[in-house]
Amino acid sequence: MESVLKGQIALITGASSGIGAGVAKSLAAAGATVVVNYPVEATKPAADDVLKEITDAGGTGIVAQCDVSKEDQVIKMFADVVAQFGTVDILINNAGLQRDAKFDEMTLDQWNTVINVNLTGQFLCAREAIREFLRRGPRPEVSVATGKIICMSSVHELIPWGGHVNYATSKGGIRMLMQSLAQEYGDRQIRVNSICPGAIQTPINRAAWETPQALNSLMTLIPYNRIGQPQDIGNLAVFLSSDLSDYITGASIFIDGGMTVFEGFSTNG
Ligand code: BGC
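Here's what I pulled together on the structure shown here. (Residues numbered from 1 in each chain as written. Predicted model: local features only at pLDDT ≥ 70, side-chain atom pairs only at ≥ 80, totals over all residues. Heavy atoms only, no water.)

### Some words on the environment of Gly162
No. 1: Locating Gly162 in the fold gives a position in the loop between strand E5 (147-152) and helix H5 (165-185).
No. 2: Taking the C-alpha atoms as reference points, Gly162 and Asp100, 62 residues apart in sequence, are found 9.4 Å from one another. (Helix = DSSP H or I, 4+ residues; strand = E, 2+ residues; numbered from the N terminus.)

Set out below in structure tokens:
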């Protein structure tokens, strides 16, 4: 799929670690110029490392600070990127976090932090991206679609998740955000889709893979019997950002080693 994104500008939120970092590397390898967004100053060194890996491999990009839950910062980041590169072609709405707690012990702060970043952050970034796509209009020299948005959802837009109600709620909301945008802007040739990862080996779910016992227990949920890697998600993000997927919009694509076929039912139920 080399160069399928040549000449396109891709902004990846939350790209200083985890899935976002993997997606940034994959999009850059496919020819996009990438904006590696990081949330706060403390994560700049990690973003710089991601960008260095990209440029060492022959790719191009910049790093950009912005807390996606803050409207003024989101507006400024998009304005800066448009000023520097002329436009944005692809938004990977990826930034997300967990603040886990039993529901009866969950604080309003834990609830708000997750909803603000995972859901309101996707609203704010999608709104700026769509404003830019509409302002700029088609760019047939780089893509059939006028713009592409990929929302990083989760298997938990489908699988309820006790102990993580704030997170599962944010992902359920992302499904309707994504589908409603695909419906509202399809006639402007803007494609909006979600990637729904299962267990991908990143810092967000370290507890699920860092000991052999934890990993064994995780495998009971994954028919394909391996944990996912950020590159698995990167490969799908390249496909969904490119014209290879031009007829796909409004779709949630699960990439989870089979987690959503509910392996527990293979011998039971
Ligand atoms: C969560 C991970 C979890 C995975 C599968 C993801 O959305 O962020 O912590 O391992 O879903 O349950």
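After that view of the structure, there is still more to cover.
### Some thoughts on unusual backbone geometry
A negative phi angle is the norm for most residues apart from glycine, just as the trans form is the norm for most peptide bonds.
No. 1: Although it is not a glycine, Asn225 sits at a positive phi angle of roughly 60 degrees.
No. 2: Take Asn225: it is sitting in the loop between helix H6 (212-219) and helix H7 (230-241).
No. 3: With relative accessibility at 51%, the residue Asn225 sits in the exposed group. (Buried < 20%, exposed > 50% of the residue type's maximum accessible area, 1.4 Å probe, protein only.)

### Brief notes about the packing of aromatic side chains
No. 1: Counting across every chain of the model gives 1 aromatic pair.
No. 2: Judged by centre distance (5.6 Å) and plane angle (70 degrees), the rings of Trp161 and Tyr167 are edge-to-face.
No. 3: Taking relative accessible area as the criterion, Trp161 reaches 26% and is therefore assigned partly exposed. (Phe/Tyr/Trp six-rings, centres within 6.5 Å; stacked < 30°, edge-to-face > 60°.)

### Some points on the side chain of Arg191
No. 1: In this structure, Arg191 sits in strand E6 (residues 190-197).
No. 2: Here Arg191 falls in the buried class, since its relative accessible area comes to 5%.
No. 3: For Arg191, the side chain forms a polar contact with the main-chain oxygen of Ser245, separated by 2.9 Å.
No. 4: Excluding residues within four positions of it along the chain, Arg191 makes contact with Ala145, Gly147, Lys148, Ile149, Leu240, Ser241, Ser242, Ser245, Asp246, Ile248 and Thr249. (Polar contact = N/O pair within 3.5 Å; in protein donor to acceptor, adjacent residues only side chain to side chain. Contact = heavy atoms within 4.5 Å.)

### A short note on the site of the ligand
No. 1: For the ligand, the full set of nearby residues is Gln98, Ser154, His156, Trp161, Tyr167, Gly198, Ala199, Ile204, Asn205 and Met259.
No. 2: In this structure, Ser154 approaches the ligand through a side-chain N or O atom, which is 2.7 Å from an oxygen atom.
No. 3: When the residues that make up the shell around the ligand are grouped by side-chain class, the tally is 5 nonpolar, 5 polar and no charged. (Near = heavy atom within 4 Å. Nonpolar A, V, L, I, M, F, W, Y, C, P; charged D, E, K, R; others polar.)

### Brief notes about the pattern of salt bridges
No. 1: Applying the stated rule across the entire model yields 16 salt bridges.
No. 2: Among the ionic pairs, Asp56 bridges to Lys52, the shortest N-O distance being 2.7 Å. Here Asp56 pairs with Lys52, and both are found in helix H2 (residues 44-56), just 4 residues apart, close to one helical turn.
No. 3: By relative accessible area, which is 54% here, Asp56 ends up exposed.
No. 4: When the shortest N-O distance is used, the salt bridge between Arg188 and Asp187 registers 2.8 Å.
No. 5: By relative accessible area, which is 59% here, Asp187 ends up exposed.
No. 6: Connected through shared salt-bridge partners, Glu71, Arg127, Glu128 and Arg131 make up one network. (Salt bridge = Lys/Arg side-chain N within 4 Å of Asp/Glu carboxyl O.)

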